[in-house]
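Okay, here's what each chain looks like letter by letter:
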Amino acid sequence: THAAVKQFPLINYYDGDWVEEGDGIDANRYFVVNGGQWPSDCEPPYDSNPYCSFASGVGAVDTEVANPATHVGVPLIIGIPGASSDVDVDKSGNLLTGIGYLTSPNRTGEVKVWPAGGWDPVNGSSLAYEGNTRIVAANILSAAYLGEDAEGNFHIGGADAFGVGGPPERGYAALIKAGIVNAIATGARTTPVTDGNRGDTSEYKYFAPDPCQDDSATGILAGDWGRGLAVMWNPTYYETNGSCAGDVGSAADYWNPGVTPRLTVYYPGSAPDTDGDGIVDGADNAYLTANAGQEDTDGDGYGNAADADFDNDGQVDSLDYTAFRSDWGQVGSGLDTDLDGNGQVDAADYANFRGRWGSTAPYY
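**Quick look at the overall build of the chain**
Here is step 1: The helix and strand tally for the chain stands at four helices and 17 strands.
Here is step 2: Within the span of the chain, comprising 364 residues, buried residues form 46% of the whole.
Here is step 3: A separation threshold of at least 6 residues defines the contact pool for the chain, and within that pool the share at least 24 residues apart is 55%.
Here is step 4: Working note: accessible area of the chain is about 16800 Å², and carbon and sulfur atoms make up 51% of it.

**Considerations on the sheet that holds strand β7 (residues 111-114)**
Here is step 1: Ordered by their spatial adjacency, five strands build an open sheet running β5-β6-β7-β9-β13, and the pairing between neighbours is mixed. Edge positions in the open sheet fall to β5 (83-89) and β13 (193-194), since each of these has one partner strand only.
Here is step 2: When strand β9 (residues 135-138) meets β13, the two strands line up parallel, connected through two bridges. Across the sheet, A138 pairs through a bridge with T194, a residue of β13.

**Section: the packing of aromatic side chains**
Here is step 1: Under the definition given, this model contains 13 aromatic pairs.
Here is step 2: Note on Y302 and Y364: the rings are 6.0 Å apart at their centroids and 80 degrees apart in plane angle, and the pair reads as edge-to-face. Residue Y302 is found in the loop between β17 (262-266) and α3 (318-327), and its partner Y364 is found in the segment after α4 (347-355); the two are separated by 62 residues along the sequence.
Here is step 3: Given a relative accessible area of 31%, Y364 falls into the partly exposed group.
Here is step 4: These aromatic residues form a ring-pair network of at least three members: F310, Y321, F324, W328, Y350, F353 and W357.
Here is step 5: Its end group placed over the ring of Y129, K112 keeps NZ or CZ at 4.2 Å from the ring centre.

**Things to note about the sheet that holds strand β8 (residues 127-128)**
Here is step 1: On the basis of which strands lie adjacent, the open sheet formed by five strands has the order β1-β2-β3-β4-β8 and mixed pairing. Single-partner strands in this sheet number two, and they are β1 (15-18) and β8.
Here is step 2: Inspection of the sheet shows β1 paired to strand β2 (residues 30-34) by four bridges, in the antiparallel sense. Of the residues in β2, the one forming a bridge with W18 is F31.

**A few points about a nonpolar patch on the surface**
Here is step 1: Taken together, the side chains of L221, L263, V265 and Y267 define a hydrophobic patch exposed on the protein surface, amounting to about 330 Å² of accessible area.
Here is step 2: By the element assignment, L221 lies in strand β15 (residues 219-221).

**Regarding α3**
Here is step 1: Of the residues that open α3, the one with a side-chain oxygen 3.2 Å from the backbone nitrogen of L319 is D317.
Here is step 2: Note on α3: the residue one or two positions beyond its end, G329, has a positive phi of about 85 degrees.

**Describing the confidence of the model for the chain**
Here is step 1: Across the chain, pLDDT averages 82, with 79% of residues at or above 70.
Here is step 2: Note on residues 161-167: pLDDT is under 50 here. Beyond four places in sequence and across chains, it has 17 contacts.

**As for the nonpolar core**
Here is step 1: V136, F154, I156 and I176 are the most contacted members of the largest nonpolar core, which totals 20 residues.
Here is step 2: The set of elements that each furnish at least two residues to this core consists of β7, β9, β11 (154-157), β12 (173-176) and α1 (180-186).
Here is step 3: Here this core gets four residues from one element, more than from any other, and that element is α1.
Here is step 4: Listed in part, the 18 residues of the second largest apolar core include A60, I80, W114 and Y129.

**Section: the pattern of salt bridges**
Here is step 1: Counting across every chain of the model gives seven salt bridges.
Here is step 2: One salt bridge in this structure joins R107 and E130, with 2.9 Å as the shortest N-O distance. In this pair, R107 sits in the loop between β6 (95-101) and β7 while E130 sits in the loop between β8 and β9, placing the two residues 23 residues apart along the sequence.
Here is step 3: The exposure class assigned to E130 is partly exposed, which follows from its relative accessible area of 40%.
Here is step 4: A salt bridge links K112 to E130; its shortest N-O distance comes to 3.8 Å. With K112 in strand β7 and E130 in the loop between β8 and β9, the pair connects residues that are 18 residues apart, well separated along the chain.

**Structural notes on unusual backbone geometry**
Here is step 1: P362 follows A361 through a cis peptide bond whose omega is 5 degrees.
Here is step 2: Topologically, P362 is positioned in the segment after α4.
Here is step 3: Notably, N312 is not glycine yet its phi reads approximately 55 degrees, a positive angle.
Here is step 4: Relative to the helices and strands, N312 is located in the loop between β17 and α3.
Here is step 5: The exposure class of N312 is partly exposed, given its relative accessible area of 42%.

Criteria and cut-off values
- Residues numbered from 1 in each chain as written.
- Predicted model: local features only at pLDDT ≥ 70, side-chain atom pairs only at ≥ 80, totals over all residues.
- Heavy atoms only, no water.
- Helix = DSSP H or I, 4+ residues; strand = E, 2+ residues; numbered from the N terminus.
- Buried < 20%, exposed > 50% of the residue type's maximum accessible area, 1.4 Å probe, protein only.
- Contact = heavy atoms within 4.5 Å.
- Areas by Shrake-Rupley, 256 points an atom, 1.4 Å probe, with all protein chains shown as cover.
- Pairing = 2+ DSSP bridges.
- Phe/Tyr/Trp six-rings, centres within 6.5 Å; stacked < 30°, edge-to-face > 60°.
- Lys NZ or Arg CZ within 6 Å of the ring centre and 35° of its normal.
- Patch = residues over 30% accessible without salt bridge, like charges linked within 9 Å, V, L, I, M, F, W, Y side chains within 5 Å.
- Salt bridge = Lys/Arg side-chain N within 4 Å of Asp/Glu carboxyl O.
- Polar contact = N/O pair within 3.5 Å; in protein donor to acceptor, adjacent residues only side chain to side chain.
- pLDDT = per-residue confidence, 0-100.
- Core = buried A, V, L, I, M, F, W, Y, C linked by side-chain atoms within 4.5 Å.

Next comes the structure, spelled out in structure tokens:
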């Protein structure tokens, strides 16, 4: 075991999030954990908790505690029925968690919020889940993934939440617009967002990169460092058959050995586009050089408009000049040396090449 690694063997971990700095709380010290039964096997002083044997819970771990081997943390939310969901602490200090799976009655995908100041990661809170009426989302996926982006939008990902009493519906992620979580946390709004709100894009959007929408779990990667919603999905069935025909109802794309999942990133309209070519920086293969066509004929990840390194050795030099000169005057598609993508290697490409002489990767 590495000396710098602290192990907390008594903490039953499912997922978690750091507590943001504020109200005298040290940043990156207290870690909120949704760990199934909280804590593992309900050690003292939690063993008298009536929810201990059959419900999930959320607690906080002090990562700077003197003895991690005996640390059981403090309880925050107790008595989550069924299987717990992910947990998220947003920039406003709200704590969000919910029910990952509960079929009788069907409450899968229910997410609740505890407002900032209403829970205590240092001393513990022991708040009853069922005592909270602030429901942010009802039956939107299984809430196995929760997060917040740089604009304050709340993201939800997971698996099928609607297979009970109706056809399965999988393979998408949800985004609840910024401001709604705070409105519910403060009591300014009392109605949750439900799947019926799909048509009202002013508050809720869904994203379905899998054309079959049959993933057993659609993951999300969210963080306040990013301006996009990254959705992980499993294209196994679609890749094998080339269509969704016959893959209806009971079939699903599961995360099996050998499966290569995909990642699709959705960007908001406010995402930066430095070169003004209509492609946001995060998806642009030459974000400092306008190239709306995104041509990359050698497939190295750098757009032709900025990539004069034709031999891919990491620098633009005499070897690249030799390759350029041999293509001079060529007409056609797929030419690495056609830097402006107009179908021919000409004076405009030479001017671009000369301007990049001596440059090194990365090329933007």
